[in-house]
Structures are given as C-alpha cells and as structure tokens.
Amino acid sequence: MSGGALSSDWAPSFDAVPRASFLPDLIWPFDMKTGQSVPVSRSEDPELWYGYADSDVPVVTQWDDGKHTGTEPGEVSTSSASMPSVVFRMLSDLDVKPGNRVLEIGTGTGWNAALLAHRLRSENVVTVELDPVVAAEARTALNLFGLGVQVINRDGLKGYPEGGKYDRIIATCGFRSIPFAWVEQSRQGAVIVVPWGTHYGNGDAVARLVVADDGESATGPFTGPVEFMKARAQRLSAVVHSEYVSDGVADRDKSSTVITEDEFMGEQFSPQRFAMGLKVRDCVHVVADKRDDKRPVWFYGLTDHSWACVVFRDGDEAQVWQSGPRHLWDEVESAYRWWGRQGKPGYKRFGLTVSAAVQRAWLDDPAESWPV
C-alpha cells in the first residue's frame, strides 16, 4: 500500500473487507495520470472497475448532493471512498483497542465502518450519515457483507448521544469547526481523529485530539496533510469576485513583494499555506491558472469586502494590489514571514485545542495558542 506499509494489526481487516464490496456499479475514480475523475461502470468494464477499486486512488460515488445525473462527472463531489492509504493512516491514528466503542461521522460507502466493525465487532461501531440515500446504500452494503453496523441518518455535527459514551470518534469529511458535542459524548482520554482546516484553502490536516480528564477540552497535534470533501454545513460558498472587485485594480493600493511563487506556493501539500491559514482568519485565497509567465493569487475577506491580489511573474518581483479595511496581503505576508522565523515547521509541529467556547491552534506548545 502506498503511503506506508499496512501494519499487522490492521492487515487482517483490510484483507477480509475489500473496498470493492462497498462501491456502486458506476464510480468516478481519480485518474492520477490525467488529474481528472473518470466514469467507470462495473457492468460495462469489470476489469477496469475492479482495477480502480483495488488501487490506491480516491473514488467519487456521488456528485452535487445526489442531484447529478448521467455518467460524466458533476460539479462538486459530495460522497466518496477515500484512498486506502489515507483510510489506513487515519485508522492508525485512531489507535483502537479491543472493546472500544467507536462513533464514525460520515458513513459514505460504509467501507470505513466495515473495517472498524471487523476489528472491533459490529455492536461497537455506530456510524452517522447526513444524506438519506447514502445512508441507506451503506446500510444495505454492510448488511450484505454480514456486518450489521448501526447506521444513523442524521447530522453528524450533533454526534449520537443515544449511543452512550465513546472511546474513539473518527470523521471522514473535512471540518472547519469541530463540534464540542463530540467531546461531550466521549470518555476521558478518548481519541478524536478528524480532518480539519481553515477557510483559507481547501486542504486539511488530520487532527488527533485526546479528551481531557475533566471533559472540558480535547487537544492534540496534526499528523499530516489530507484533502477531504467538506461537511455540508461547513462548506464555503464560492466567492463572487464581482462583489469585491467591480472596477479593476489599477487605482488600488499598489506595492510589490520579494516572495517568489515557488516560495509561496510550495508543493501540493507543503505546510506554508496551511500555516498561513492558521494565522490569517476569515480569509479565502484562490490560485488562478498561470498564463504568459504570470500567476495571480486572490485573497478575499469573509467578514467584509477587503481583497488583495498578488501577481507572481517569472523573473521579476511580484506586484500586489489590495483594498478594503484589511490589507489582506500584508496579513498573509506577515504570516509567511512568521512561519519562516519558526523554522518553517511542518504539519506535525502544529496542533489544535477544542473547548466549548473556542478552538485554538498552537505551534509546539498548547499553552501558547491563538483562536482560529
């Protein structure tokens, strides 16, 4: 398995519970060569279908909250089966023990719940799914496989208090705010594993939180980068550019920066943009396509109509325009410089603390945190 060898404690479950048993006839696996989702039908091309089902690629199983029809990909992917290597990483972070009771948020295909049930027994796993169709299909797949996991059709942000206290909670969609209800429904010392990020970008990192003995908070480090579909209630609506910039940028505050495109962007899962999102609140950035050796990156304030644009140019200083009560590029550049002064920390040096009142990020020491 790519992304790390399958450990001996999970190998029997992954061998016994194939992902193919939980996928529908029509799937949209992500083709790593083309960078696109492609429709594949089991009935029309079983060899290709099973090839993708057994590959370490994400597989979309629903588009546009179920409103999509046809075989071509829809606009927004809204349910999927994650890459097996990512599933294994997160289950490893969960660190289940015999007899643990687990609550899963986001049933999806039911495969993740099936792996947990095989390891812990079905009666110790409860999974919650918001979409009634997705929940029904997962319940059917689990029952057909002989794993009668309790599948609850409701909003996972509320958890499932009727199931009692949990030793482990795992979410299989991305969150921007972690519900404190999960902490309240956990035992002392329980582990909560959840993909989390800021509205600054679409990327997430896996937070591994441990519930405090007093039950008043949960805290822990990030274990590495991921990118998940976002919980429906926490999706960010697309920014309408014209609501921010209606008459061009020429007469706005103009400056330049010596930060280069490579320094700012990094690789797909480089940590600097995650770090900047932790420091620049209520802001989303949008990276435009590169044309004629120029790449614009836009920044939009989420609480007012402040905006900024930096245009990176090959072989020249980047030009910056910004407007509004906040000078967003100044905030972003300050966050980037801060990240550099800290030694350019990776994901694992950052962490998160969740309480009833606020969630706070930290670097190295939870005692020195700030609200996010």
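Here the structure is a predicted model, which means the values were calculated and not measured. (Residues numbered from 1 in each chain as written. Predicted model: local features only at pLDDT ≥ 70, side-chain atom pairs only at ≥ 80, totals over all residues. Heavy atoms only, no water.)

Asker: Explanation requested: helix 5 (residues 132-144) in the structure shown.
Answerer: Note: α-helices contain 3.6 residues per turn, so residues at a spacing of three or four share the same orientation. Between its first and last C-alpha, helix 5 extends 18 Å over 13 residues, near the 18 Å set by a 1.5 Å rise per residue. For helix 5, every residue scored as buried is listed here: V134, A135, A138, A141 and L142. Seen end-on, helix 5 carries its buried residues on one side only, within an arc spanning 130°. Facing away from the buried side of helix 5 by over 90 degrees, the exposed positions are P132, E137 and L144. At its buried positions, helix 5 is contacted by strand 4 (59-63), strand 5 (77-81), helix 4 (111-120), strand 7 (125-129) and strand 8 (150-153). Put simply, D131 is the residue that caps the front of helix 5, since its side-chain oxygen is 2.9 Å from the backbone nitrogen of V133. (Helix = DSSP H or I, 4+ residues; strand = E, 2+ residues; numbered from the N terminus. Expected span 1.5 Å × (residues − 1). Buried < 20%, exposed > 50% of the residue type's maximum accessible area, 1.4 Å probe, protein only. Arc of directions from axis to C-beta. Contact = heavy atoms within 4.5 Å. Polar contact = N/O pair within 3.5 Å; in protein donor to acceptor, adjacent residues only side chain to side chain.)

Asker: Mind showing me how you'd approach the environment of S43 here?
Answerer: Its location among the elements puts S43 in the loop between strand 3 (40-41) and helix 2 (46-53). You can call S43 exposed: its relative accessible area is 58%. For the pair S43 and L26, spaced 17 residues apart in sequence, the C-alpha separation works out to 8.4 Å.

Asker: Is there a simple way to think about the packing of aromatic side chains in this case?
Answerer: The description of an aromatic ring pair uses the distance of the two centres, along with the angle that the planes make with each other. Taken as a whole, this structure holds 21 aromatic pairs when the rule is applied. The interplanar angle of 85° and the centroid separation of 6.2 Å between the aromatic rings of F14 and F88 together place this pair among those described as edge-to-face. On the criterion of sequence distance, the pair formed by F14 in helix 1 (residues 11-16) and F88 in helix 3 (residues 84-94) is long-range, its members being 74 residues apart. Look at F88 and you get buried, because its relative accessible area is 7%. Aromatic side chains W338 and F350 sit 6.3 Å apart centroid to centroid with 45° between the ring planes, which places their arrangement in the tilted category. Placement of W338 in helix 9 (residues 328-341) and of F350 in strand 18 (residues 350-355) is noted, with a sequence separation of 12 residues between them. Of the two residues, W338 and F350, neither departs from the other in class, the shared state being buried. Within the aromatic cluster, the residues linked to one another by ring pairs are W196, F222, F274, W338, Y347, F350 and W370. One Lys or Arg, R119, reaches over the ring of W10 and ends 4.7 Å from the middle of that ring. Above the plane of the ring of W370 lies K279, whose end atom (NZ or CZ) is 3.9 Å from the centre. (Phe/Tyr/Trp six-rings, centres within 6.5 Å; stacked < 30°, edge-to-face > 60°. Lys NZ or Arg CZ within 6 Å of the ring centre and 35° of its normal.)

Asker: Got a minute to help me understand the pattern of salt bridges in this structure?
Answerer: All told, the structure shown has 16 salt bridges when counted by the stated rule. R187 is paired through a salt bridge with D167; the nearest N and O atoms lie 3.1 Å apart. One end of the pair, R187, is in strand 10 (residues 186-196); the other, D167, is in strand 9 (residues 166-171), with 20 residues separating them in the sequence. Assessed through its relative accessible area of 40%, R187 is described here as partly exposed. The partner of K230 in a salt bridge is D204, with the nearest N and O atoms 3.3 Å apart. With K230 in the loop between strand 12 (217-226) and strand 13 (253-257) and D204 in strand 11 (residues 204-211), this pair connects stretches of sequence that are 26 residues apart. (Salt bridge = Lys/Arg side-chain N within 4 Å of Asp/Glu carboxyl O.)

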